[in-house]
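Secondary and tertiary structure notes
Residues per chain are reported as follows:
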Amino acid sequence: MASFASVSETELGHRRQQLQRLRRARLATVVWQLLAASGMAGGLVWWIAQPTWLIARSEQVKVEGNHWLSDKAVRSLMPLSYPQSLWGIQPQALASKLEATGPIAKAKVTRNLFPPSLTVEVAERLPVAVAQPRAVTTAGRDKQKVGWLDARGGWMPFDSYTTDKQSQSSSLGNNSQETQSQRSLPSLKVIGDWEVYRAEWPQFYQGFSTLALKVFEIDWQDPNNLILKTEIGTVHLGPHSSRTIEQLKVLDRMRQLPKQLDASKIAYIDLKNPAFPVVHRTSILRSSENSSPSPTRRQN
């Protein structure tokens, strides 16, 4: 009995020693794994932090898909400061910020490792008009405010869109719906403070873009009276309102007016009331000091 007890205690002692050795071996393995992982992580951090993986200048940002905006203009819209770690750049966040700007409809940003760079693919919103604060701009602040408008009211500096980016150089109708590659830069002018008409422009342009009548200039300097310079003469619309779309439709139906009335005798067309358009003739305006004849009413 005593011998059995003695043997059991000996075996138990050996087993305890074996378990302790096994625990120490496992602990050593875990420690070595931690050290190896820490070393690899430290090496990776060191590798990432090397100047090789920096976006140090704007030329490392390659722009693709731009037909109108210059590469420089697209880069200027990106909220990047140089130098910046390639790994610290969030492509999706950068693309979202680009899409929030006026002239960029869609953007995709990709990081490239060899060589370290960014590729930015963009789809642009088309410029539809030249925006300028006054009919005649002077050097200085006025000239700096001259830019391009898109259909949504987005504004870009005048030197942002470049003619060497267009696919073809065909002429632009102010209301044509051709694809971007068939367009040249627009000649339509919008005169006035962009901040004043920016909110109303998208709705106005939606109706305006359907016109078959050629319009050369939109004078928005006085918000109480929009003035259009068209192929049939000057048109007064009054303030932009819910009736503006109907006014434009009536104007479009009047494009045959020069066949009925000598355009040189038209001073301007009053479309403030689209149900009763009035054609003011130059002869009447000249004689208005001595008499007050009724202007010609144009029936729809």
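Attention here is on the structure that accompanies the text. Keep in mind the model is a prediction, meaning the values are calculated, not measured.

The secondary structure content of the protein chain amounts to 9 helices and 15 strands. In the protein chain, which comprises 300 residues, the proportion classed as buried is 37%. Within the protein chain, contacts between residues at least 6 apart in sequence are counted, and of these 51% link residues at least 24 apart. Working note: accessible area of the protein chain is about 17,900 Å², and carbon and sulfur atoms make up 54% of it.

Before going further, it helps to spend a moment on the environment of M78. In this fold, M78 is placed in the loop between α2 (71-76) and β3 (84-85). Setting aside its immediate chain neighbours within four residues, M78 contacts V61, L94, L98, L118 and V120.

Among all residues except glycine, the phi angle is most often negative; among peptide bonds, the trans geometry is most common. P83 follows Y82 through a cis peptide bond whose omega is -5°. Tracing the chain through its elements places P83 in the loop between α2 and β3. Residue P115 is bonded to the preceding F114 through a cis peptide linkage, with omega at -5°. Structurally, P115 is set in the loop between β4 (104-112) and β5 (117-124).

Counting residues in each nonpolar core, the largest one holds 31 residues, and the members touching the most others are W201, F204, F208, I218 and I269. Elements represented by at least two residues in this core include exactly β6 (127-132), α6 (201-208), β10 (215-219), β11 (226-230), β12 (233-238), α7 (244-253) and β13 (266-270). Ranked by residue count, the leading element in this core is α6, at 4 residues. Judged by nonpolar contacts, the second largest core, of 28 residues, contains L69, A95, I104 and A107.

Turning our attention to the packing of aromatic side chains. Considering all chains together, one arrives at 10 aromatic pairs under this definition. Centre to centre, the rings of F204 and F208 are 5.7 Å apart; their planes meet at 20°, and the pair counts as stacked. Of this pair, F204 and F208 both sit in helix α6, 4 residues apart, roughly one helical turn. Owing to a relative accessible area of 1%, F204 belongs among the buried residues under this scheme. With 5.9 Å between their ring centres and 40° between their planes, Y205 and F208 make a pair best called tilted. Here Y205 pairs with F208, and both are found in helix α6, just 3 residues apart, close to one helical turn. As far as burial versus exposure is concerned, Y205 and F208 are alike and both buried. Members of the aromatic cluster, connected to one another through ring pairs, are Y197, W201, F204, Y205, F208 and W220.

Mapped onto the elements, A199 comes out in the loop between α5 (194-197) and α6. Considering only alpha carbons, one finds A199 and G153, 46 residues apart in sequence, at a separation of 7.3 Å.

Another aspect to go through is the pattern of salt bridges. In this structure the tally under the stated criterion is 5 salt bridges. The salt bridge partner of E195 is R198, with a shortest N-O separation of 3.0 Å. Accessibility expressed as a relative area gives 48% for E195, which makes it partly exposed. The class of R198 is partly exposed, set by a relative accessible area of 36%. Note that D252 and R255 form a salt bridge whose closest N and O atoms lie 3.6 Å from each other. We classify D252 as buried; its relative accessible area is 13%.

How each quantity is defined
Residues numbered from 1 in each chain as written. Predicted model: local features only at pLDDT ≥ 70, side-chain atom pairs only at ≥ 80, totals over all residues. Heavy atoms only, no water. Helix = DSSP H or I, 4+ residues; strand = E, 2+ residues; numbered from the N terminus. Buried < 20%, exposed > 50% of the residue type's maximum accessible area, 1.4 Å probe, protein only. Contact = heavy atoms within 4.5 Å. Areas by Shrake-Rupley, 256 points an atom, 1.4 Å probe, with all protein chains shown as cover. Core = buried A, V, L, I, M, F, W, Y, C linked by side-chain atoms within 4.5 Å. Phe/Tyr/Trp six-rings, centres within 6.5 Å; stacked < 30°, edge-to-face > 60°. Salt bridge = Lys/Arg side-chain N within 4 Å of Asp/Glu carboxyl O.

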